Structures are given as C-alpha cells and as structure tokens.
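Structural characterization, general
Read off the chains here:
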Amino acid sequence: MAIKQLSLNYSLNTGSKWIYCNFPEKLPTDAYGDKNAGSHCLNRQTVSGSGQIFYSYNCQKLSGACNFGIRVYNPGTSSVTFTRTNYGHSNSKEAGGWDPIAVKSWQRFFQSASKKFTIPAKGSVWICEEAIPENVIFSGNLRFTASASVVIAVYIYKSKSNIADSTGIYPYDINNKSTHSQYSGYGNGYYLTASGITIKLSDILNNGGVYFTTNSRTNDKFTVNNSSTMDEIVPIHIAGTSYIAKISEQVPLRNLANWSTQYYFPITFINDLDSRAHTVRCQICSPDTNKKIPIINCGGIVSSHTITSSVEPWEWKTVSVKDKLTLNYQFILGTNSYAEIRHMFVM
C-alpha cells in the first residue's frame, strides 16, 4: 500500500529580507571584529521594513570566551525607529548540549517581548549582545522592523570598544574545502505559509497514511507563490560575492535545507467515514537515519524531539475527529539537523 503524498502551495514573504549567518561556521581567530584580531564582521546587509536574522556558529577553534553582537547603523539624515519584535538565543553550555539549543532559542523567540531602538542620523545601536563561553555552539533568531533603510552587521569580538567603525565582511572562499559549504548572506523571505490543507479520513485509512514533505532538496510536490519554478529551499545570496547558494547548484553551493525557516500549516481533517469519532496521530518522520531536530509551535506550545531513526517517528499530537477538525501549527527544522522531513498523519 502506497502512502499518499500531498502537494502543497506556499506563500513566501519575499518582501522581507532573511539575514542568514552561518559562515564561517567554525569561527577562526581572524573572524573577530576587533582591530587587532581580524577587523571583520560576519555578515552585513542593507535592509528596510521587516526582516529576520538567523545565526548559528561553532566556537571550538577559538581560545577563550568571546562576545556576539549585532550592530545597526543608520546611514540617513533623519533618525530611524528600529523595533526588535522577537529575539531568542541559546548556547550549548547553558542548554545542556548541542541539540537543545535549537528549541531553546525558538522558545525564547516566541516568548520574547518587543524592544524599540531610536537610531540617530549617522549613528548606530547594538540590538543584541551575548557573552559566549569557550568551546560552545550557539544559535539564535531575531525578527525586526525598520522605519527606513539601515545597515545590519553581525560580529564576534573580544572588546566592543575595539571594533572599527568600518570592517570588512569575512571573505568567502569557494575553494576552501573545510568551510566552503556554509554561507552568510541573505535570502528573500523566511516564512512559508501553506494554503489550506484538507485531509479526508478515508484517504488516511485507504492509503495507510497521508503525508507531505518539507526541507527537501529533491521533493517536487509543491509550488511557491503559485509558481512551480520558485524554490521551497530559500536561496542565499552570499555576502561579499556574486555567488548564490541554491539547491540547483553543484557542491558546494547546494548545502541548504531551510534551517530555521518558518513554515505554517493550516490543516482541516474531514471525517467522511461514519458518524463516530476517530483518532488521528500526527507524526514527524525521517526518510533516513540522519539526525533531525524538528520544532513545532502549536497553539503557543513549543516542543521538539531529536529523530535518529527512520522507523521511530515523533508522534507530537493526537486529535479526535468526529465531523471535522482544524489543526494549525508552525514547523521549524532546527540548526544542527540533516535535510528532509515528512509530516505524517495516520490512524
């Protein structure tokens, strides 16, 4: 019996910039912003309006603790209002390991309070600052709105006062085999909203289950903004270069899986079998044995699980369907995961 795969149509918020920070993933000593230790930023982008920042870094090559921060500069002649609407950060020391940082950073993101900054003309503010212990991995996400054009720069540093007013973007070397498969840059959009999904209980029963796939480099059962030529996996324009990382490229420019992209799924279950209530089990599955860290926000409750086996799905919810039932949830593939997830519904 072949399990039925659904095809989805997504709306991607391409008008909002996604600042994507994952290069160099294992931070070297010349990646610091300090004048005497590299004088680099890790990413720099000009934005206006709404956007979001994702970052994920590994400090195992660094000696001693450091700091992480994001600075916003106003190049204009009038003040700018910059609002940090959501922010969540975590590191592996306080989280208790590498895997929990993904869900902890997102739990903090959803629970965070908005914070407003006023940036004077030709001035700058730091919109987040974090102390980073030695030998950790750390990650976070930050959503924002800006009332006018600003320049956002991402740093690691020993001393904030020692960062130059002007820094170079850490250079991306496509031929460096140790670091070339991670990227810093930007994508156009970070939030994929699926059109309404209807699942009949007869389809679940007659097919042994119903599923749809996300975060895959090979899945073709989707459209984005009503187009079959747009990628579900958001391409990344690599900072300081003309390269674009996307899944249609060859290695090394295809190492993408929508890590920390947000998906929203509105599902309606229809009982077309009889008048009795039936239990539907909602699962997150892996088609392989590579580690996946799925994160779900359903009704404001953020939960996660590490999947390491293709035969042991995460059953994150069960619902009882008598007539019809609506289930809405947000899904995120956490950093430190491999690609491809199946959202399975069985009885």
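So, here's what we can say about the structure. (Residues numbered from 1 in each chain as written. Predicted model: local features only at pLDDT ≥ 70, side-chain atom pairs only at ≥ 80, totals over all residues. Heavy atoms only, no water.)

A closer look at the overall build of the protein
Here is the rule: Secondary structure elements are taken from DSSP: a helix is a run of H or I of four residues or more, a strand is a run of E of two residues or more, and numbering for both begins at the N terminus. Every radius of gyration here is taken over C-alpha atoms, with the globule rule written as 2.2 Å times N^0.38, N being the number of residues. Only protein chains enter the calculation, and the probe is 1.4 Å; a residue is then buried if its accessible area is under 20% of its type maximum, exposed if over 50%, and partly exposed in between. Every residue pair with non-hydrogen atoms within 4.5 Å of one another is taken to be in contact. None of His or the chain ends enter the tally, which takes Lys and Arg as positive and Asp and Glu as negative. Note that the charge is assigned to NZ on lysines, CZ on arginines, CG on aspartates and CD on glutamates.
Of the regular secondary structure elements, the protein holds three helices and 25 strands. Relative to a compact globule of 347 residues, whose C-alpha radius of gyration would be 20 Å, the protein shows 21 Å and is just as compact. For the protein, the spread of C-alpha atoms along the principal axes amounts to about 70 × 40 × 40 Å. Expressed as a percentage of its 347 residues, the buried residues of the protein come to 53%. For the protein, long-range pairs separated by at least 24 residues make up 83% of all intrachain contacts whose partners lie at least 6 apart in sequence. Taken together, the 31 basic and 22 acidic charged side chains of the protein have centroids lying 5 Å from each other.

Let's talk about a nonpolar patch on the surface
For clarity, the threshold we go by: Only residues whose relative accessible area exceeds 30% and that form no salt bridge are eligible for patches; like-charged ones are grouped when within 9 Å, while nonpolar side chains (Val, Leu, Ile, Met, Phe, Trp, Tyr) are grouped when within 5 Å. Shrake-Rupley sampling with a 1.4 Å probe provides the accessible areas, and residues are treated as covered by the protein chains on show and by no other component. Between Lys or Arg on one side and Asp or Glu on the other, a salt bridge is scored when a side-chain nitrogen of the former is within 4 Å of a carboxyl oxygen of the latter.
A grouping of Leu205, Leu273 and Met347 is seen on the molecular surface, where their side chains present a nonpolar patch of about 230 Å² in accessible area. Within the fold, Met347 resides in the segment after strand E25 (341-346). Take Met347: its relative accessible area is 33%, and that puts it in the partly exposed class.

Considerations on the nonpolar core
Applicable threshold: The term nonpolar core refers to a set of buried residues drawn from Ala, Val, Leu, Ile, Met, Phe, Trp, Tyr and Cys, joined through side-chain atoms within 4.5 Å.
With 89 residues, the main nonpolar core has Phe68, Phe82, Ile152, Phe265, Phe269, Tyr329 and Phe345 as its most contacted residues. Looking at this core, the element that brings in the most residues is strand E10 (residues 137-157), giving eight residues. Setting aside residues up to four positions removed in sequence, Phe269 forms contacts with Ile199, Val280, Cys282, Val319, Val321, Asp323, Lys324, Leu325, Leu327 and Phe345.

Some details on the sheet that holds strand E23 (residues 314-321)
Put simply, the rule is: Note on pairing: DSSP must find at least two bridges between two strands before they are called paired.
Taking strand neighbours across the sheet as the criterion, the five strands line up as E1-E15-E25-E20-E23 in an open arrangement whose pairing is mixed. This sheet does not close on itself; its edge strands, each paired only once, are strand E1 (4-5) and E23. Relative to E23, strand E20 (residues 278-285) runs antiparallel, the two sharing seven bridges. The residue bridging His278 from the neighbouring strand is Val321, located in E23.

Focus on the side chain of Glu340
To keep things clear, this is the line we draw: N or O atoms closer than or at 3.5 Å make up a polar contact, with two conditions inside protein: a donor-capable atom paired with an acceptor-capable one, and, for residues adjacent in sequence, both atoms drawn from side chains.
Mapped onto the elements of the fold, Glu340 is located in the loop between strand E24 (324-333) and E25. Buried and without a salt bridge, Glu340 has Arg342 as its closest oppositely charged side chain, separated by 4.0 Å. At 3.3 Å, the side chain of Glu340 forms a polar contact with the side chain of Ser216. Excluding residues within four positions of it along the chain, Glu340 makes contact with Thr213, Thr214, Asn215, Ser216, Thr218, Pro287 and Lys292.

Let's talk about the pattern of salt bridges
All chains considered together, the criterion is met by seven salt bridges. For Asp203, the salt bridge identified is with Lys4, shortest N-O distance 3.1 Å. One end of the pair, Asp203, is in helix H3 (residues 201-207); the other, Lys4, is in strand E1, with 199 residues separating them in the sequence. With relative accessibility at 24%, the residue Asp203 sits in the partly exposed group.

Section: the side chain of Asn74
Inspection of the secondary structure puts Asn74 in the loop between strand E6 (66-73) and strand E7 (80-91). By relative accessible area, which is 1% here, Asn74 ends up buried.

Brief notes about the packing of aromatic side chains
Using the following cut-off: Pairing of aromatic side chains here covers Phe, Tyr and the six-membered ring of Trp, requires ring centres within 6.5 Å, and sorts the geometry by plane angle: under 30 degrees stacked, over 60 edge-to-face, intermediate tilted.
Overall, the coordinates contain 27 aromatic pairs when judged by the stated rule. With centroids separated by 4.3 Å and ring planes inclined at 35°, the aromatic side chains of Tyr55 and Phe68 adopt a geometry described as tilted. Separated by 13 residues along the polypeptide, Tyr55 in strand E5 (residues 43-58) and Phe68 in strand E6 bring together distant segments of the chain. Ring geometry for Phe265 versus Tyr329: centroids 5.4 Å apart, planes at 45°, classification tilted. You can see Phe265 sitting in strand E19 (residues 262-270) and its partner Tyr329 sitting in strand E24, a full 64 residues away along the chain. On the accessibility criterion, Phe265 (0% relative accessible area) is buried. Judged by relative accessible area, which is 1%, Tyr329 ranks as buried.

A look at the environment of Thr306
Within the fold, Thr306 resides in the loop between strand E22 (301-304) and E23. For Thr306, a relative accessible area of 28% corresponds to the partly exposed category. With 208 residues separating them in the primary sequence, Thr306 and Trp98 have C-alpha atoms 11 Å apart. What Thr306 contacts, discounting residues up to four positions off in sequence, is Asp99, Lys291, Lys292 and Ile293.

Notes on unusual backbone geometry
Following Phe23, the chain continues into Pro24 via a peptide bond in cis, with omega recorded as -10°. Here Pro24 shows up in the loop between strand E3 (17-21) and strand E4 (40-41). A cis amide bond, omega 15°, links Val251 with the succeeding residue Pro252. Examined against the element boundaries, Pro252 turns out to sit in the loop between strand E18 (244-245) and E19. One non-glycine residue with positive phi stands out, namely Ser39, at about 55°. Assignment of secondary structure puts Ser39 in the loop between E3 and E4.

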